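# Examining the three-dimensional arrangement
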Amino acid sequence: MTEGTVSLPWLVIRQDDNGNRYRVGRYATRAEAQKIADSLDDRGHKQLYWVEHIGHSNGDAATRN
């Protein structure tokens, strides 16, 4: 990372009813990403939202809602 570059290593991922996965956004901290995932999950839709760290597979360091 170079000086002045912001690192956004935390992703919010959404999975729809058909199993398709989409990146909702990238965030600087896990707490920020989790807050977004929680707020989307609280809307009551059937989609599944979770937080992943870039460079980790789905099972590693992921928090699923």
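What comes next concerns the included structure.

Basis of the calculations
- Residues numbered from 1 in each chain as written.
- Predicted model: local features only at pLDDT ≥ 70, side-chain atom pairs only at ≥ 80, totals over all residues.
- Heavy atoms only, no water.
- Helix = DSSP H or I, 4+ residues; strand = E, 2+ residues; numbered from the N terminus.
- Buried < 20%, exposed > 50% of the residue type's maximum accessible area, 1.4 Å probe, protein only.
- Core = buried A, V, L, I, M, F, W, Y, C linked by side-chain atoms within 4.5 Å.

Right, let's get into the side chain of Gln47. Tracing the backbone through its elements, the reader meets Gln47 in the loop between helix 1 (30-41) and strand 3 (48-53). By relative accessible area, which is 19% here, Gln47 ends up buried.

The next thing to look at is the nonpolar core. Counting residues in hydrophobic clusters, the biggest one holds eight residues: Trp10, Val12, Tyr27, Ala33, Ala37, Leu40, Tyr49 and Val51. Residue assignment for this core shows that the elements contributing at least two residues are strand 1 (10-15), helix 1 and strand 3. At three residues, helix 1 tops the list of elements feeding residues into this core.

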